[in-house]
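An overview of the molecular structure
Each chain is listed here by its residues.
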Amino acid sequence: MATSVPVQFLFDFGSPNAYMCHRVIPAIEARTGVRFEYVPILLGGLFKLTGNRSPAEAFAGIPNKRAYDRLEIERFVAKHGLERYRANPHWPVNTLQIMRGAVAAQKQGCFERYVEVVNVAMWEEGRNMEEPETIVRTLDEAGLEGRRLYEGTQDPEVKSVLMANTQSAHERGAFGSPSFFVGKELFFGKDRLREVEEEIVRASA
């Protein structure tokens, strides 16, 4: 009899690749019958812990690499029918508040809705989700309690959970987002989703 393997998706809203994974994950869940656990992390914090840098910074002086990254995104978007994806004109943004907001949404019982709303705002509507007023307005427009969620970002427990998630990601070998753990196996990047699914099937057998 097949057993369910724990699968975690470590994400930060600042990563367009994490958004793309968010859009593809439901199909993998449907095929495998395994639900992904979404784990909010702070990408900037993880970069500091690992000595990593964002691709925008690391490859700023390598035009061919930046051009290839754009091509890879175009191919992925076409393959998975992600026609709503738009590059955010405000990117890169400081995601501290919206990532704390994700933890606050877990506490307040609206996490899945929050994740969808913020992903849409960042990567379909091009909103500046670093601005407090934009964050609150976006959540209110989606039927969430924007002010309550934003105030929740100042909760010491919320701050602590996000820091702990990020520290744990580092200790388990992660260095960026999107990262996946299938059991103890680490996979990085949207281009590893096929391997993630294969490992789920193997580990569940």
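Notes on the structure follow. None of these values were measured; they are calculated from a predicted model.

Rules used in this analysis
- Residues numbered from 1 in each chain as written.
- Predicted model: local features only at pLDDT ≥ 70, side-chain atom pairs only at ≥ 80, totals over all residues.
- Heavy atoms only, no water.
- Axes fitted to C-alpha atoms, helices over the stretch in contact; angles between N-to-C directions.
- Helix = DSSP H or I, 4+ residues; strand = E, 2+ residues; numbered from the N terminus.
- Parallel < 35°, antiparallel > 145°, perpendicular 65-115°, else oblique.
- Contact = heavy atoms within 4.5 Å.
- 1 Å grid on protein atoms, 1.4 Å probe; cavity = no way out; pocket = protein on both sides within 12 Å on 5 of 7 lines; lining within 4 Å.
- Points joined across faces, edges and corners; volume = space filled by probe spheres on them.
- Nonpolar A, V, L, I, M, F, W, Y, C, P; charged D, E, K, R; others polar.

Describing the packing of helix α5 (residues 96–108) against helix α6 (residues 111–123)
Where α5 contacts α6, the two axes come as close as 8 Å, and the packing angle between them is 155°. Classed by the angle they form, the pair α5 and α6 counts as roughly antiparallel. Where α5 approaches α6, its residues Gln 97, Ile 98, Gly 101, Ala 102, Ala 105 and Gln 106 are matched on the opposing element by Phe 111, Tyr 114 and Val 118.

What about the environment of Gln 106?
Along the polypeptide, Gln 106 turns up in helix α5. Spatially, the C-alpha atom of Gln 106 lies 28 Å from that of Val 201, the residues being 95 residues apart in sequence. Look past the residues within four positions of Gln 106 in its chain and what remains in contact with it is Tyr 38, Pro 40 and Phe 111.

Notes on the layout of surface pockets
By volume, the largest pocket amounts to about 1200 Å³. When contributions to the lining of the largest pocket are tallied by element, the ones reaching two or more residues are α1 (16–32), α2 (43–50), α3 (55–58) and α4 (63–80). Broken down by element, the lining of the largest pocket gets its largest block of residues, seven residues, from α4. By residue class, the composition of the lining of the largest pocket is 19 nonpolar, 13 polar and 10 charged. A volume near 370 Å³ is recorded for the second largest pocket. Contributing to the lining of the second largest pocket are 15 residues, with Phe 76, Lys 79, His 80, Lys 190 and Asp 191 lying nearest its centre. The element best represented in the lining of the second largest pocket is α4, accounting for six residues. For the lining of the second largest pocket, a count of residues per class yields five nonpolar, one polar and nine charged.

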